[in-house]
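One letter stands for each residue in the lines below.
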Amino acid sequence: MCGITGYTGPKQASRILVDGLKRLEYRGYDSAGIAVQTDPADQRANALTVIKRVGKIASLRQAVPKDLSGHCGIGHTRWATHGEVNEVNAHPHADGSNRIAIVHNGIIENYLSLKGMLEHEGMVFASQTDSEVIAHLVAYHYDGDLEAALKAALKHLKGTFGIGCVCSQEPGRIVGARNGSPLVVGVGDGEMFLASDVNAMLAHTKRVVYLNDGEVVSLWPHDFRISDGDDQSVDPKIDHVTWELDAIEKEGFGCYMEKEIFEQPDSIERALKGRMDSEYGLAKLGGLNLSKKELHAMQRVRVIAAGTSWHAGLVGCHLVESIARLPALAELASELRYRNPVVEPGTLYLSVSQSGETADTLYAMREVQRRGGTVLGICNVVGSTIARESDGGIYVHSGPEIAVASTKAFTSQLAAFYLLTLSLARMHDMSHHDGSLFLSQLKAIPGLVKRALEQRDLIQALAKKYCHCSDFLFLGRGLLYPIALEGALKLKEISYIHAEGYAAGEIKHGPIALVSPQTPSVFLVPNDHLREKTITNLKEIKARGGPVIAIASEKDLEVAAIADDFIPVPDCDSRFQPFTMIVPLQLFAYFCALELGRDVDQPRNLAKSVTVE
Ligand code: G6P
């Protein structure tokens, strides 16, 4: 949700800023811009050159003159919140004299009153954004020291922000501030970077410092200085990023989503690696920060999450309850925060988030912590806010996920839930023998997912056949109900086809009215006690003339015979079917979107990391 870049050093800033923005494009992509401190020798008279364009980073790249000479600047890719998508509303925003330029990620809640106050002082606003007040406020307080001016401006701001700021009178200096929106400093050799996440700087440095809320940073090519809300200097903790640059390239795939879907055998393997103790039938989760006694004392589990991560949480809660026998519920973070939740002792909260930055999830988690709750994070992005603020957790290690629609992070989150379920179950009822069996089945998952991916051509053909239908139903029961929700979400997100995920047993209570020859139903048929019930639901749809695409075990010849179209998946213990069943649904959504000519990686109106409520 908006991406920020900053560079100061010996190289030409514009190229580094634009390349960095390209890496952050998944955070927002309606418009983009840069502000560069132009070298005195450059003909463009202003000491700050601001270039903005509507659309993706490619249009900004075209607009930046090849010979623009300047070694320090800031950049921004936008996901609009206040003010329509146009060039004026794009960032960076400058003050009236073009002395100060800022980029902002977040929302300034009191911007209208600040704007009124500044207009009263004679300042003229150009845009409809909340962010522009920051530029004018900094200019208002500027007296030769950009950091002091930004700090003075911050005192007036209510809301969330990650800010990057430059001043024409202080060559080579960038000042940044963070409150609620992520900001990372990249420490190079004679050059420094600022960005919303590490992807933007991975090509240049792997040494990073994650800023905390309330911190302000000044960057120069050879130095940086961080201070906290009380103006005390902070000793920076330099982390080393383990992600490789390759991991954020497409590596021969047409788009990131396709690459990430096909990467799942490896990413699930990574989530499990080193965490399976086959001898004792246990999971080894080193980051929980809970003693065995503390974990054993947990009487119930609550998941806090949004979007795809919530769907993983629904699967996880089903597992915890049915296998570890602890009551478990997954709640939408955006709902939990505002309903004055009761946080009971003995409750293990799990904050699940790929990015680790989703505002809804973060704020809900803080609310729970404020009430004394213990929150573990299940995150992908190392060093992200949720990962750092949680009391412990499990990194899912899927590697960078770039496509807006989440795929590999989802299956890695599932893997984390299976491991946690095993840990909890072995503390309660599960025997050593059953634990070992569970682990051996879990070990087989990457191989099964690999086989599920082999249905690629069949699924592409089905996508061709069905992609012009305007409505779909996705139906499943038990563990496969959240998978139906996730399948419907994937289709909606990237193909813009209306799809509803529903519990198969529930359709007769309303949604069956939607069934017609133009509305296909995708059925997830398990191979356990719910199989017969699901087949009955499937027949109810067939009897009303609705086309049925069924996904079931390759051995299920009966389902293959009843359905209009059949996608076989490798047979496995039904407890592990969420892994094999989600793969065809991801592929189906992907191929429908491709067939319809959609922008698969960057679907309209969405952003990957939603850092506003
Ligand atoms: C956004 C994305 C979804 C994602 C959700 C939660 O809405 O578009 O794909 O599932 O945020 O993201 P998180 O990073 O918390 O898992």
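Everything discussed here concerns the structure shown above.
First, a word on scope: everything that follows refers to the structure included in this document. (Residues numbered from 1 in each chain as written. Predicted model: local features only at pLDDT ≥ 70, side-chain atom pairs only at ≥ 80, totals over all residues. Heavy atoms only, no water.)

### With respect to the overall build of the protein
Regarding its fold elements, the protein presents 20 helices and 27 strands. A compact globule built from 613 residues should have a C-alpha radius of gyration of about 25 Å, and the protein, at 25 Å, falls within 12% of that. Here the C-alpha coordinates of the protein stretch approximately 75 × 55 × 40 Å along the principal axes. Across the 613 residues that make up the protein, the buried fraction comes to 61%. Pairs at least 24 apart in sequence give 71% of the contacts found in the protein among residues at least 6 apart. (Helix = DSSP H or I, 4+ residues; strand = E, 2+ residues; numbered from the N terminus. Rg over C-alpha atoms; globule rule 2.2 N^0.38 Å. Buried < 20%, exposed > 50% of the residue type's maximum accessible area, 1.4 Å probe, protein only. Contact = heavy atoms within 4.5 Å.)

### Looking at the side chain of T534
Structurally, T534 is set in helix α18 (residues 531-543). Here T534 is in contact with R477, F523, L524, V525 and P526, once residues within four sequence places are set aside.

### Remarks on the environment of Q232
Along the chain, Q232 turns up in the loop between β13 (223-227) and β14 (233-234). Along the chain, Q232 and E215 lie 17 residues apart, while their C-alpha atoms are 9.6 Å from each other.

### Some thoughts on the site of the ligand
Within the structure, the ligand sits among 13 residues, and S309, S353, Q354, S355 and T358 are positioned closest to it. In the model, an oxygen atom of the ligand is placed 2.5 Å from a nitrogen or oxygen of the S309 side chain. Taking Q354, its main chain carries an N or O atom lying 2.7 Å from an oxygen atom of the ligand. For the ligand, whose accessible area on its own is 390 Å², the fraction buried by protein is 89%. No other element matches the 3 residues that helix α9 (residues 307-324) contributes to the shell around the ligand. Residues belonging to the shell around the ligand are distributed by class as follows: 4 nonpolar, 7 polar and 2 charged. (Near = heavy atom within 4 Å. Polar contact = N/O pair within 3.5 Å; in protein donor to acceptor, adjacent residues only side chain to side chain. Areas by Shrake-Rupley, 256 points an atom, 1.4 Å probe, with all protein chains shown as cover. Nonpolar A, V, L, I, M, F, W, Y, C, P; charged D, E, K, R; others polar.)

### Concerning the sheet that holds strand β27 (residues 565-569)
The strand order β24-β23-β25-β26-β27 describes an open sheet built from 5 strands, whose pairing is parallel. Looking along the sheet, the strands with just one partner apiece sit at the ends: β24 (498-503) and β27. The average undirected angle you get between the axes of adjacent strands in this sheet is 15°. Inspection of the sheet shows strand β25 (residues 521-524) paired to strand β26 (residues 548-553) by 4 bridges, in the parallel sense. Counterpart to F523 in the pairing with β26 is A550. The strands touched by α18 are β23 (471-476), β25 and β26; relative to β25, the strand with the most contacts, the crossing angle is about 165°. Sitting on the sheet, helix α20 (residues 577-595) touches β23, β25, β26 and β27, and the angle it makes with β26 is about 145°. (Pairing = 2+ DSSP bridges. Axes fitted to C-alpha atoms, helices over the stretch in contact; angles between N-to-C directions.)

### Focus on the nonpolar core
Generally speaking, a soluble globular protein has its nonpolar side chains buried in company with each other. Of all hydrophobic cores here, the largest spans 129 residues; its most connected members are L442, F472 and F588. The element contributing the most residues to this core is α20, with 12 residues. When near neighbours in sequence (up to four residues on either side) are disregarded, F588 contacts I459, L462, A463, Y466, F472, L491 and I549. Ranked by size, the runner-up nonpolar core spans 28 residues in total, among them Y111, L137, Y142 and A149. (Core = buried A, V, L, I, M, F, W, Y, C linked by side-chain atoms within 4.5 Å.)

### Looking at the packing of helix α7 (residues 264-272) against helix α13 (residues 408-427)
The geometry of α7 relative to α13 is characterised by a closest axis approach of 9 Å and an angle of 30° between their N-to-C directions. By crossing handedness, the relation of α7 to α13 is classed as right-handed. Residues Q264, S267, I268, A271 and L272 of α7 lie in contact with α13, whose contacting residues are K408, T411, S412, A415 and L419. Split into classes, the residues belonging to the contact of α7 with α13 amount to 5 nonpolar, 4 polar and 1 charged. (Left-handed = near helix turned anticlockwise from the far one by under 90°.)

### Observations concerning the sheet that holds strand β6 (residues 100-108)
Taken in spatial order, the 7 strands of this open sheet run β5-β6-β7-β8-β12-β13-β14, and their pairing is antiparallel. Each edge of the open sheet is held by one strand with a lone partner, namely β5 (93-94) and β14.

Scope: geometric values only; no functional claims are made or implied.
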